[in-house]
Amino acid sequence: MGIGSTLSSISRVAILQSCICLLLIPIDGITAIRFRGYERDRQALLTIKSQITNDPLGVTSSWNNSVDMCQWQGVTCGRRHPRVTKLDLSRQQLGGTLSPHVGNLSFLRLINLQDNNFYGVIPSEIGRLSRLESLILPNSSFGGTIPANLTHCSNLIQFNASRNNLVGNIPTELGNLLKLQILYISYNNLTGQLPASLGNISTLQVISLWDNKLQGKFPDTLGLLKGLVTLELSLNNFSGLIPFSFYNISSLEGLNLGGNHLSGSLPVTFGSNLPKLKTFVLAANNLSGTLPESLPNASKLEIFDVSVNHFSGKISINFKNTKNLSWFNIEINNLGSNGGDGDLDFIKTLTNCSRLRTFSICENQFGGFLPNSITNLSTTLIVLYLGRNQITGSIPSRIAIKTNIMPRHE
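Everything quoted here is computed from the prediction, not taken from an experiment. (Residues numbered from 1 in each chain as written. Predicted model: local features only at pLDDT ≥ 70, side-chain atom pairs only at ≥ 80, totals over all residues. Heavy atoms only, no water.)

Asker: Any chance you could explain the nonpolar core here in plain terms?
Answerer: Where a protein is soluble and globular, its nonpolar side chains tend to be buried together. By size, the foremost hydrophobic cluster in this structure holds 102 residues, and its most contacted members are Ile126, Phe159, Phe280, Phe346 and Phe359. Residue assignment for this core shows that the elements contributing at least two residues are helix 1 (3–50), strand 2 (75–77) and strand 3 (84–88). At 4 residues, the largest contribution of residues to this core is made by helix 1. In this structure Phe359 touches Phe328, Phe346, Ile347, Leu350, Leu381, Val383, Leu384, Tyr385 and Leu386, once residues within four positions along its chain are discounted. (Core = buried A, V, L, I, M, F, W, Y, C linked by side-chain atoms within 4.5 Å. Buried < 20%, exposed > 50% of the residue type's maximum accessible area, 1.4 Å probe, protein only. Helix = DSSP H or I, 4+ residues; strand = E, 2+ residues; numbered from the N terminus. Contact = heavy atoms within 4.5 Å.)

Asker: In this structure, what is going on with the environment of Arg388? I would like to understand it.
Answerer: With respect to the helices and strands, Arg388 occurs in the loop between strand 27 (383–385) and strand 28 (390–392). Among the residues examined, Arg388 registers a relative accessible area of 55% and is labelled exposed. In this structure the C-alpha to C-alpha distance between Arg388 and Asn364, which are 24 residues apart in sequence, comes to 6.8 Å.

Asker: Help me out: how do you make sense of the pairing of strand 10 (residues 165–168) in this one?
Answerer: Strand residues, when the strand is regular, have side chains that alternate between the two faces of the sheet. Direction of pairing for strand 8 (residues 143–144) relative to strand 10: parallel, over a ladder of 2 bridges. Residue pairing for strand 10: Gly144 is matched across the bridge by Leu166. As defined by bridge partners, strand 10 adjoins strand 12 (residues 189–190) across 2 bridges and the pair is classed as parallel. If you follow Gly168 over to strand 12, its bridge partner there is Leu190. (Pairing = 2+ DSSP bridges.)

Asker: I tried to follow the pattern of salt bridges on my own but got confused; where do I start?
Answerer: A pair can form between side chains of opposite charge whenever their charged atoms are brought close. By the definition in use, this model includes 5 salt bridges. Across the pair Asp41 and Arg83 runs a salt bridge, and its minimum N-O distance is 2.9 Å. Here Arg83 lies in the loop between strand 2 and strand 3 and Asp41 lies in helix 1, a separation of 42 residues in the sequence. On the basis of relative accessibility, which here comes to 0%, the residue Asp41 falls in the buried class. (Salt bridge = Lys/Arg side-chain N within 4 Å of Asp/Glu carboxyl O.)

Asker: Looking at this structure, how should I read the environment of Tyr187?
Answerer: Here Tyr187 lies in the loop between strand 11 (182–184) and strand 12. A relative accessible area of 28% places Tyr187 in the partly exposed class. Not counting chain neighbours up to four residues away, the residues in contact with Tyr187 comprise Arg163, Asn164, Trp210, Asp211 and Asn212.

Asker: Mind showing me how you'd approach the side chain of Asp305 here?
Answerer: Relative to the helices and strands, Asp305 resides in strand 21 (residues 303–305). Residue Asp305 is classed as buried on the basis of its relative accessible area of 9%. At 2.7 Å, the side chain of Asp305 and the side chain of Ser307 are in polar contact. Apart from the residues lying within four places of it in its own chain, the contact partners of Asp305 are Phe280, Val281, Leu282, Ala283, Trp327 and Asn329. (Polar contact = N/O pair within 3.5 Å; in protein donor to acceptor, adjacent residues only side chain to side chain.)

Asker: Where do I start with the sheet that holds strand 6 (residues 117–118) in this structure?
Answerer: Either a parallel or an antiparallel arrangement is found when strands of a sheet pair, and the pairing is made through backbone hydrogen bonds. What the 3 strands build is an open sheet, ordered 1-4-6; its pairing is mixed. Two strands in the sheet have a free side with no partner beyond their single neighbour: strand 1 (52–54) and strand 6. Pairing between strand 1 and strand 4 (residues 95–96): 2 bridges, direction antiparallel. Across the sheet, residue Asn54 finds its bridge partner in strand 4, namely Gly95.

Asker: Sorry if this is basic, but what is going on with the side chain of Asn285 here?
Answerer: Position of Asn285 relative to the elements: it lies in the loop between strand 19 (279–281) and strand 20 (288–289). A distance of 3.0 Å separates a polar side-chain atom of Asn285 from the backbone oxygen of Leu282. At 3.3 Å, the side chain of Asn285 and the backbone oxygen of Ala283 are in polar contact.

This is the structure we're talking about:
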């Protein structure tokens, strides 16, 4: 073999060795990075465990050095890397506080702590979790305020913190969560006004803020949410008029604004732009005016409740198209014509509502004879309240034959 040939062979070997070294260095680096990430998550979980003072079901008993972290109960890791992507400790009767180290689990997509007893606050460090999609914390005894820096969780789709002890305002910054679809913060002690910034979140489908202490007027911007399916703002201290834009959200299936201090009347076009509406509740407010004849245009209506208001006048509505109606409650208003005939003619149009279970018109100004058509109401009817009106005559005997009915005619 010649000198040139020998040198050529040596060069090829050297090049091959260099390539191998170049390949080995990144692999070792990636391995080290993955190990550091794994260890960081493991230490964060152990710190979380250290602040759980009550674990009657032993859910964290597997969280120790003898078990791989990705096999710990309630912990899910990614398929391609050993990083924690889900932390699901729901319904485990856990007690204690949630460690701020939860913010070190940087690959988390889901946190579910539902039905526990975390008596501390929601750690603001959760705002570091840019990959987080679901934050599920209902009925977990959390107190304090809603962290404003949740807005940094830019991929958040669902935020549920209902049935806790949260106080303070709803942060205006939540309006920057442009992927948010579901917002449940019902049954807390939140105060202040509803942020107009929520109208920026075009992806919102559910807003549920039942039973808080929110006040002020409804922001018109909520009418911009063209994909909104459920709007529940009942049992608060809202006042003023219902924005007309609410009646143009054609995607709405549930609108519940009962138990506030709302005033004004229903638009004459009500129902015309609400083809999917199933639940409409405005009970216990200060609304007035007549019930619009256009109401049956919301033909999928199942629950209609405008009780305890100041609505008045004769009901000239044909309900024949609302065949799915199961709950009809207009009690404690001023409806009717103070004893005039024909006040109850609308009952005949309700005979097409084969699913009707509750029918209450008590404490109004209805008069005249009770029509025989009331006997043709749904066979599923179990509640019939007619009392405290000026209705004459007697309840038809066929009513008594109906199974399980609870008539009231005082």
